[in-house]
Amino acid sequence: MGLVHGDDFITLADDEGQDFFESCLKKRYQYKMRGRIGPRSTDSRECRVLNRYIRWPEGRDPEYEADPRHAQVILRDLGIEGGKEVTSPIVKRDLHNDGELKGKDCTTFRSLTMRGSYLGQDRYDLQHAIKELATEMKTPTNEGMVSLKRLGRYLNGKPRVVQELKGQRKPAVVEHRCLSDRMPRSIDLRVDVHSDWAGDKRTRKSTLCVVVRHGPNVIKTQVNAMKGISLSSGEAEYGAIVKGACQGLGIQSMAADWGVHVNVKVCSDSSAAIGISNRLGLGATRHLSVRHLWVQHKVKD
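The present account deals with the structure reproduced in this document. Just so we're clear, the structure is a prediction, and the values are computed from it rather than from any experiment.

**As for the nonpolar core**
Core analysis: the biggest nonpolar cluster contains 21 residues, and Leu78, Leu126, Leu148, Leu151 and Leu155 have the highest contact counts within it. Elements with a contribution of two residues or more to this core: helix 2 (69–78), helix 3 (103–120), helix 4 (127–134) and helix 5 (142–157). Ranked by residue count, the leading element in this core is helix 5, at five residues. When near neighbours in sequence (up to four residues on either side) are disregarded, Leu78 contacts Leu112, Met145, Leu148, Lys149 and Gly152. Residues Ile187, Val193, Tyr238 and Val242 belong to the second largest nonpolar core, which totals 19 residues.

In structure tokens:
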């Protein structure tokens, strides 16, 4: 398996596969090999890929860390390095402090918000706060700058986050009882979804959150504002189920290309949203968009 980003190549393979890939590069390109990371004592212990750090300490599980320089730049440009620390990156919005930023402050807000967005790709503890800041990119406000500084104070206390990827047993390839063909190995994927119904005090739009896990390891997270206004918490939670099902089925399709069968389980704590998913048709929720009801057929199948 290979990943290409511009002139950077990252591969996942055994020694034979790595040697084959390297031999192909030698035929046409001049390149620099940064190392092979693995559990053996002869393998490299750390590699930097697109300014992210991938480590495999000897005798431990692999680790992944976002580029720590983004947090340093945010703190430096806000002028709060070494200042007060807080335990959460977001607070409730003050609707009475929505005056527009002017001049340099406006440029600083936009620049640091996008830097935080880049950092949030690898740090899911920041994604909700960054999403809220991004809604003010067009017209930054004083309250937006307050929220940005709140994020900075959170980074003061947690400038770096290292994600440890726990080792798990490799799924077995089993013989089918009736067919001569061997069944592909199968893994279980859990998709947790949640929604903050009408959480945006200004627009009353809802925010949905999706967390995809394989065993104890988080492999994908997503935080988005819903496009329309949900009329009930059940409708908002059902929208989160739809988004989570899309993510899970997308990963299932990608894994099938690698010969891996994925069982997707979407989990929600909303009984109303689960009820909508388990039945067929609109029922009393006729205002729901028909394009969201495909989940009902997936649940039935």
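**Quick look at the side chain of Thr221**
With respect to the helices and strands, the residue Thr221 is situated in strand 9 (residues 217–225). Taking the relative accessible area as the measure of exposure, Thr221 reaches 18% and is therefore buried. At a separation of 2.9 Å, a polar atom in the side chain of Thr221 contacts the side chain of Gln127. With residues near it in sequence (within four places) discarded, Thr221 still touches Tyr124, Gln127, Val210 and Val211.

**Structural notes on the side chain of Glu136**
Mapped onto the elements, Glu136 comes out in the loop between helix 4 and helix 5. A relative accessible area of 2% places Glu136 in the buried class. With residues up to four places along the chain from it excluded, the contact list for Glu136 reads Arg93, Phe109, Thr141, Gly144 and Arg202.

**So, unusual backbone geometry**
In this structure, Leu50 is a non-glycine residue whose phi angle is positive, near 50°. Mapped onto the fold, Leu50 is located in the loop between strand 3 (46–49) and strand 4 (52–55). Overall, the relative accessible area of 26% leaves Leu50 in the partly exposed class. One non-glycine residue with positive phi stands out, namely Asn51, at about 70°. The residue Asn51 is located in the loop between strand 3 and strand 4 in this model.

**Digging into a nonpolar patch on the surface**
Residues Met1, Leu12, Met254 and Trp258 make up a contiguous nonpolar surface patch of roughly 460 Å² in combined accessible area. In this structure, Met1 sits in the segment before strand 1 (2–5).

**Here we look at the pairing of strand 1**
By the bridge criterion, four bridges tie strand 1 to strand 2 (residues 8–11) in an arrangement that is antiparallel. Of the residues in strand 2, the one forming a bridge with His5 is Asp8. Between strand 1 and strand 2, which follow one another and run antiparallel, lie two residues, and Gly6 among them has a positive phi close to 65°.

**Considering the sheet that holds strand 9**
Judged by pairing direction, the sheet is mixed, and its four strands sit side by side in the order 9-8-7-10 without closing on themselves. Looking at strand neighbours, the two that pair on one side only are strand 9 and strand 10 (261–267), the edges of this open sheet. Between one strand and the next, the sheet's axes are offset by a mean angle of 20°, whatever the strand orientation. Relative to strand 10, strand 7 (residues 186–196) runs parallel, the two sharing seven bridges. Note on strand 10: the bridge partner recorded for Ser186 is His261. Helix 4 contacts strand 8 (207–214) and strand 9 of the sheet and is inclined by roughly 25° relative to strand 9. Running over the sheet, helix 6 (residues 233–257) touches strand 7, strand 8, strand 9 and strand 10 and is turned about 155° from strand 7.

**Quick notes on helix 7 (residues 271–278)**
Within helix 7, burial applies to Ala273, Ile276 and Ser277. With its buried residues spanning 100° around the axis, helix 7 presents them on a single face. Relative to its buried face, helix 7 has exposed residues pointing more than 90 degrees away, namely Ser271 and Asn278.

How each quantity is defined
Residues numbered from 1 in each chain as written. Predicted model: local features only at pLDDT ≥ 70, side-chain atom pairs only at ≥ 80, totals over all residues. Heavy atoms only, no water. Core = buried A, V, L, I, M, F, W, Y, C linked by side-chain atoms within 4.5 Å. Buried < 20%, exposed > 50% of the residue type's maximum accessible area, 1.4 Å probe, protein only. Helix = DSSP H or I, 4+ residues; strand = E, 2+ residues; numbered from the N terminus. Contact = heavy atoms within 4.5 Å. Polar contact = N/O pair within 3.5 Å; in protein donor to acceptor, adjacent residues only side chain to side chain. Patch = residues over 30% accessible without salt bridge, like charges linked within 9 Å, V, L, I, M, F, W, Y side chains within 5 Å. Areas by Shrake-Rupley, 256 points an atom, 1.4 Å probe, with all protein chains shown as cover. Salt bridge = Lys/Arg side-chain N within 4 Å of Asp/Glu carboxyl O. Pairing = 2+ DSSP bridges. Axes fitted to C-alpha atoms, helices over the stretch in contact; angles between N-to-C directions. Arc of directions from axis to C-beta.

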